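Okay, here's what each chain looks like letter by letter:
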Amino acid sequence: MNPPEFREPDPGVSGVPDATPRSPRNRTQQITPEDELRLAPRILELHPSAGAGAGGGGMIPPEDAAPIDALGRVIHGEVLEVCPRLERGAYALLVADPPYNLGKDFGGGRWKAMGDDEYEAWTGAWLDGALALLRPGASIYVCGDWRSSSAVYRALSRRVEVRNRIVWEREKGRAAAANWKSAHEEIWYAVVPGAEPYFDREAVRLRRRVLAPYRNPEGGAKDWVEAPDGRWRDTAPSNCWTDLSVPFWSMPENTEHPTQKPEKLAAKLILASSAPGDAVLDLFSGSGTTSVVARKLDRRFTAVEAERFWCLAALKRLEGAADDPRIQGFEGGVFLERNARHAEP
């Protein structure tokens, strides 16, 4: 199965952003020519268009190549071609955010939408490559929308144990003229057979305000806490998330990637399904959200992204993560409701 078709990217680092003047309050990350000069040598180049590969002399056929040292690296390459180059059984968690088959422009190349059967076959092909890299009991999260989600489920269910589907609310988006507004996305959760999967529900509790507090016979709080900032309860994690904010211009994590996920979303997946020190495989990495959060939470990572500009964006964000491990909406070891409080830098 061949990688999806993309149009030829524009040269230079201007493959995405425009040069429109910005408000002083706009904190969206930008990549300058100076950033490119500093960050480009850190990209692990495994993309055919990049010329020399990691070891020089162009792409090495996967069957003839030893596994590369990819932990802590951002790899520029197609997932189908990179996975055979990575160490087998090395990763405890896979987070994949593949294109949703919408014909979307990712700045350096436009995804060419496929038919449903072709998209499912392509999903199965990259999953086969990724599964070889996961250890027994590893967890898998694959993002999708209502169009692509059924193909993702079918591809997963033929290969691993599907355990749940997470639905998360997008509070952004335009109204449809003659349809229901799309206001959610989905994440399939699956596990590799062979060992008990790691799942830490205590690490991903959500602090909710208590509107109708129950009291015990003595008049004290029952299953909730009364604090100076109000009454609240730390609730068990569910598969319906309404506490996320899609990154926007005033958030320091924001980039110009058209499908960027919130750091808070990645934090939930990483905290629930990996232990400190575990290795996280971040496929279709985009601007690097999963890898950035993995670094903030003391996990190791490997990021794979087909667009060179977004590799640069990920590397710049990783620089910041080393200095500032805060995650907006996650404080004191607990997740907060949307707009409750913020860990502003």
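Below: a short report on this structure. Quick caveat, the model's predicted, so the values are computed rather than measured.

Here's the deal with the sheet that holds strand β7 (residues 206-209)
The mixed open sheet is built from five strands, whose spatial order is β8-β9-β7-β14-β13. One side of each edge strand has no neighbouring strand; the edge strands of this open sheet are β8 (225-227) and β13 (330-331). Note: β7 against strand β9 (residues 230-235), four bridges, orientation antiparallel. The residue of β9 that forms the bridge with Arg 209 is Trp 232. Along the sheet, helix α5 (residues 263-273) makes contact with β13 and β14 (334-336), crossing β14 at roughly 155°.

What about the packing of aromatic side chains?
For the structure shown, the criterion picks out nine aromatic pairs. On the numbers, 4.9 Å between centres and 15° between planes, the contact of Tyr 141 with Tyr 189 is stacked. Here the residue Tyr 141 occupies a position in strand β4 (residues 134-144), and Tyr 189 occupies one in strand β6 (residues 184-191), the gap between them amounting to 48 residues. Judged by relative accessible area, Tyr 141 falls into the buried class, the value being 2%.

A closer look at the pattern of salt bridges
Throughout the structure, instances matching the rule amount to 26 salt bridges. Glu 185 is paired through a salt bridge with Arg 170; the nearest N and O atoms lie 2.8 Å apart. Of this pair, Glu 185 sits in strand β6 while Arg 170 is found in the loop between β5 (161-169) and β6, placing the two residues 15 residues apart along the sequence. Using a relative accessible area of 9% as the deciding quantity, one classes Glu 185 as buried. Between Arg 326 and Asp 324 there is a salt bridge, and its shortest N-O distance comes to 3.0 Å. According to the relative accessible area criterion, Asp 324 is partly exposed, its value standing at 22%. In this structure, a network of salt bridges that share partners links the residues Asp 35, Arg 38, Arg 42, Lys 316 and Glu 319.

Some remarks on the environment of Thr 255
Assignment of secondary structure puts Thr 255 in the loop between β10 (240-241) and α5. Through-space distance from the C-alpha of Thr 255 to that of Gln 30 is 7.2 Å; in sequence the pair is 225 residues apart. Beyond its immediate chain neighbours, meaning those up to four positions away, Thr 255 contacts Thr 28, Gln 29, Gln 260, Ser 287, Trp 310 and Arg 317.

Things to note about the sheet that holds strand β1 (residues 44-45)
Strand order in the open sheet formed by nine strands is β1-β2-β12-β11-β3-β4-β6-β5-β10, and the pairing between neighbours is mixed. Unpaired on one side and paired on the other, β1 and β10 mark the two borders of the sheet. Across six bridges, the pairing between β4 and β6 is antiparallel. By the bridge assignment, Val 142 is partnered in β6 with Trp 188. Docked against the sheet, α5 engages β3 (91-96), β4, β5, β6 and β10, running at close to 155° with respect to β3. Contacts from helix α6 (residues 289-296) reach β3, β11 (279-283) and β12 (300-305), with the element oriented near 170° to β12.

As for the nonpolar core
In this structure, Ile 187 and Trp 241 are the most contacted members of the largest nonpolar core, which totals 47 residues. The element best represented in this core is helix α7 (residues 308-323), accounting for nine residues. Among the nonpolar cores identified, the runner-up in size contains 37 residues, and Ala 96, Leu 133, Ala 138 and Val 304 belong to it.

Regarding α7
Here α7 is 16 residues long and its end C-alpha atoms lie 24 Å apart, about the 22 Å a rise of 1.5 Å per residue gives. Along α7, the residues that are buried comprise Phe 309, Trp 310, Cys 311, Leu 312, Ala 313, Ala 314, Leu 315, Arg 317, Leu 318 and Ala 321.

A closer look at the pairing of strand β2 (residues 73-76)
Sheet analysis places β1 next to β2, joined by two bridges and oriented parallel. Each bridged residue has a counterpart across the sheet, and for Glu 45 the counterpart in β2 is His 76. Here β2 pairs with β12 via four bridges, running parallel. Looking across to β12, one finds that Arg 73 is bridged to Thr 302.

Let's talk about the pairing of β12
Here β12 lies mainly inside the structure; five of its six residues are buried. Regarding the hand of the β-α-β motif, the stretch spanning β11, α6 and β12 is right-handed.

Brief notes about helix α4 (residues 149-157)
The periodicity of an α-helix, 3.6 residues per turn, causes residues three or four places apart in sequence to face the same way. Among all positions of α4, only Ser 149, Ala 151, Val 152, Ala 155 and Leu 156 are buried. All buried residues of α4 lie within an arc of 160° about the axis, which places them on one face of the element. Against α3 (116-131), β4, β5 and β6 lie the buried residues of α4.

Details of the environment of Arg 73
Turning to its location among the elements, Arg 73 is positioned in strand β2. The exposure class of Arg 73 is partly exposed, given its relative accessible area of 26%. When the C-alpha atoms of Arg 73 and Cys 311 are compared, they prove to be 10.0 Å apart, with 238 residues separating the residues in sequence.

How each quantity is defined
Residues numbered from 1 in each chain as written. Predicted model: local features only at pLDDT ≥ 70, side-chain atom pairs only at ≥ 80, totals over all residues. Heavy atoms only, no water. Pairing = 2+ DSSP bridges. Helix = DSSP H or I, 4+ residues; strand = E, 2+ residues; numbered from the N terminus. Contact = heavy atoms within 4.5 Å. Axes fitted to C-alpha atoms, helices over the stretch in contact; angles between N-to-C directions. Phe/Tyr/Trp six-rings, centres within 6.5 Å; stacked < 30°, edge-to-face > 60°. Buried < 20%, exposed > 50% of the residue type's maximum accessible area, 1.4 Å probe, protein only. Salt bridge = Lys/Arg side-chain N within 4 Å of Asp/Glu carboxyl O. Core = buried A, V, L, I, M, F, W, Y, C linked by side-chain atoms within 4.5 Å. Expected span 1.5 Å × (residues − 1). Right-handed = clockwise from strand over helix to strand, strands pointing away. Arc of directions from axis to C-beta.

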